[in-house]
Amino acid sequence: MAVNKRRLNMNTVSSSCGMPGVWRAVSHNEGCVVVYHSPDSCAHITDEMERNFHLRTMARGEYKKPVYTAPLITSGIGRNESIFGGAAKLSSCIDYVVDTYKPGYLVVTDSCVAGVIGDDTASICEDMEKKHHIPVIYVPVHGFLEGEYYGGYVDLCRLLIDRFPRPAEKIPTTVTVIGEKDGPDSTAMRDFRELLSYFGITGYCRFPGYCTKEEIESLGKSAFSVIVGGTPKAYRLLRSVADYMTEKLDVPHFAADYPAGLLATEEWVRRLGTFMRREDVVPSVIQKIETSLEEGYAPYKERLAGQPVTIYLGQRGADSLLKWLLEFLDLGRIPVHRFILVDALTGVDRRVNREYIEARWKNPVIEDETAETKLSPKELVMTTQELSQDNLRQLMLPMLPPIGVRGFLHIYKKLYLLARRSEGRGVVLYGW
């Protein structure tokens, strides 16, 4: 292996726990408390996920102290409960939560351990709801035993729709944004809200993770729903939530995931104009988008236009990233010095990536990584893997293409900072 990769995960099958998905679905909802019927250690998975999210927003300058973050409590299953059952432990935990936090509603879910024990958590939640006179919503995901992260997320979305909102008269200027990406104050979501505002949308229910119980109860007033997913899998699962809203609340769905890049953003705008019957504003919106890209790129253009880059590619199914990257480089007039395909790619993945590059770049230089592959400190490296060579100037590409033209500008700025750095002064900048 020629180049040592600090970060290289080539697993074909992912495995994840459903409980963090349950918590994430209501993670910033006022009046909610989440209870894991689990050992205390299970909370560390969620804690690490939230810490990483917090650090990313801090690094991007997007952090804003949330108005409310739903507390996460574990019932504390131990050795005795693993043998004799944990029903009493969960009941006392819920009593404590109600007395301490005075929640508007509770969400309870099971761990793998609770699933193996066979505790009847659903019945316990029913009894606790009658005792405390507040909604106690049970989500039966059982950790790693059933489903995975998005399974818990989607299941709770459906249960919330079943429990709180009712069909209502629509407010034309209000939409429900499903699966909000990176929080309401992220660059992506600011760009997304700006696109919607061009069509007169001023009200948002950020379902499910950033709304109050009252806002959830008002879901039926939304003129339509729109998804911010990011991956085909996420969009497919979140689309099931949108369809469920249509079925239960008669809220139509604008069937398009978030737009990545200029052309996709312009097409998204055209489709939204047709959906809302506001085709008249589409030309002016597209003009604003193109102007914002041109003006935003101007400070970086002189340095980056004509500056060759090396693309170090080790991502499976990289079509969406390569499509976005092609447009990014073309609009910035940034040439590619060479593509290097990581040695850990399978033959099929290597062939697919090679064919995609050859079909869209003119006479590209494509190299398969070998023991002789070398990277020079003179190169600007845009990479899907973090490389350990400490004198390289690297820009780690995001796994998901960033939203809209603001996503382009974010990466142009990172590449500009990289290009200004002296050769041999290695650094890794992250494109997220």
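Let me sum up the structure you'll find in this document. (Residues numbered from 1 in each chain as written. Predicted model: local features only at pLDDT ≥ 70, side-chain atom pairs only at ≥ 80, totals over all residues. Heavy atoms only, no water.)

Details of the pattern of salt bridges
Just so we agree on the cut-off: What makes a salt bridge here is a side-chain nitrogen of Lys or Arg within 4 Å of a carboxyl oxygen of Asp or Glu, nothing more. Each helix is a run of DSSP H or I of at least 4 residues and each strand a run of E of at least 2, with the numbering of both proceeding from the N terminus. Exposed residues in this analysis have more than 50% of their type's maximum accessible area, buried residues have under 20%, and partly exposed residues fall in between, with area computed by a 1.4 Å probe over protein chains only.
Scanning all chains against the criterion turns up 13 salt bridges. Among the salt bridges present, the one from Asp243 reaches Arg239, with a minimum N-O distance of 2.9 Å. Linking Asp243 with Arg239, this pair stays in helix H10 (residues 232–249), spanning four residues, or about one helical turn. For Asp243, a relative accessible area of 35% puts it in the partly exposed group. Residue classification places Arg239 among the partly exposed residues on the basis of a relative accessible area of 28%. Arg278 is the partner of Asp280 in a salt bridge, and the nearest nitrogen-oxygen pair spans 3.5 Å. Within this structure, Arg350, Arg354, Glu358 and Asp368 form a network of salt bridges that share partners.

Description of helix H12 (residues 282–304)
Definition in use: One less than the number of residues in a helix, times 1.5 Å, gives the span that helix is expected to have. To obtain the bend at a residue, axes are fitted to the seven residues ending there and to the seven starting there, and the angle between these axes is taken. Any two residues whose heavy atoms approach within 4.5 Å are treated as being in contact.
Compared with the 33 Å implied by 1.5 Å per residue over 23 residues, the 31 Å span of H12 between its first and last C-alpha is a close match. At Ala298, H12 shows its largest kink, close to 60 degrees, and the proline Pro299 lies no more than four residues downstream. For H12, the set of buried residues is Val282, Val285, Ile286, Ile289, Leu293, Tyr297, Tyr300 and Leu304. Lining the buried residues of H12 we find helix H8 (187–197), helix H11 (262–276), helix H13 (319–332) and helix H15 (404–420). Note on H12: the residue one or two positions beyond its end, Gly306, has a positive phi of about 90 degrees.

Thoughts on the environment of Ser41
Tracing the backbone shows Ser41 in the loop between strand S2 (32–37) and helix H2 (43–59). For the pair Ser41 and Thr74, spaced 33 residues apart in sequence, the C-alpha to C-alpha distance is 8.8 Å.

A word on the packing of H8 against H11
This is how it is decided: To get an axis, a line is fitted to the C-alpha atoms, and for a helix only the part in contact is used. The angle between two axes follows their N-to-C directions and goes from 0 to 180 degrees. Geometric relationships in this document are graded by angle, where less than 35 degrees denotes roughly parallel, more than 145 denotes roughly antiparallel, 65 to 115 denotes roughly perpendicular, and other angles denote oblique. Should the near helix be turned anticlockwise from the far one by less than a right angle, the crossing is left-handed, and should it be turned clockwise, the crossing is right-handed. Throughout, the ten residues Ala, Val, Leu, Ile, Met, Phe, Trp, Tyr, Cys and Pro are labelled nonpolar, Asp, Glu, Lys and Arg are labelled charged, and all others, Gly among them, are labelled polar.
It is at 11 Å that the axes of H8 and H11 come closest, and there the two elements cross at 40 degrees. As judged from the angle between their axes, H8 and H11 are oblique. The handedness of the crossing between H8 and H11 comes out as right-handed. Taking contact as the criterion, the partners of Phe192, Leu195 and Leu196 in H8 are, on H11, Thr265, Trp268, Val269 and Leu272. Here the residues of the contact of H8 with H11 are counted per class, giving six nonpolar, one polar and no charged.

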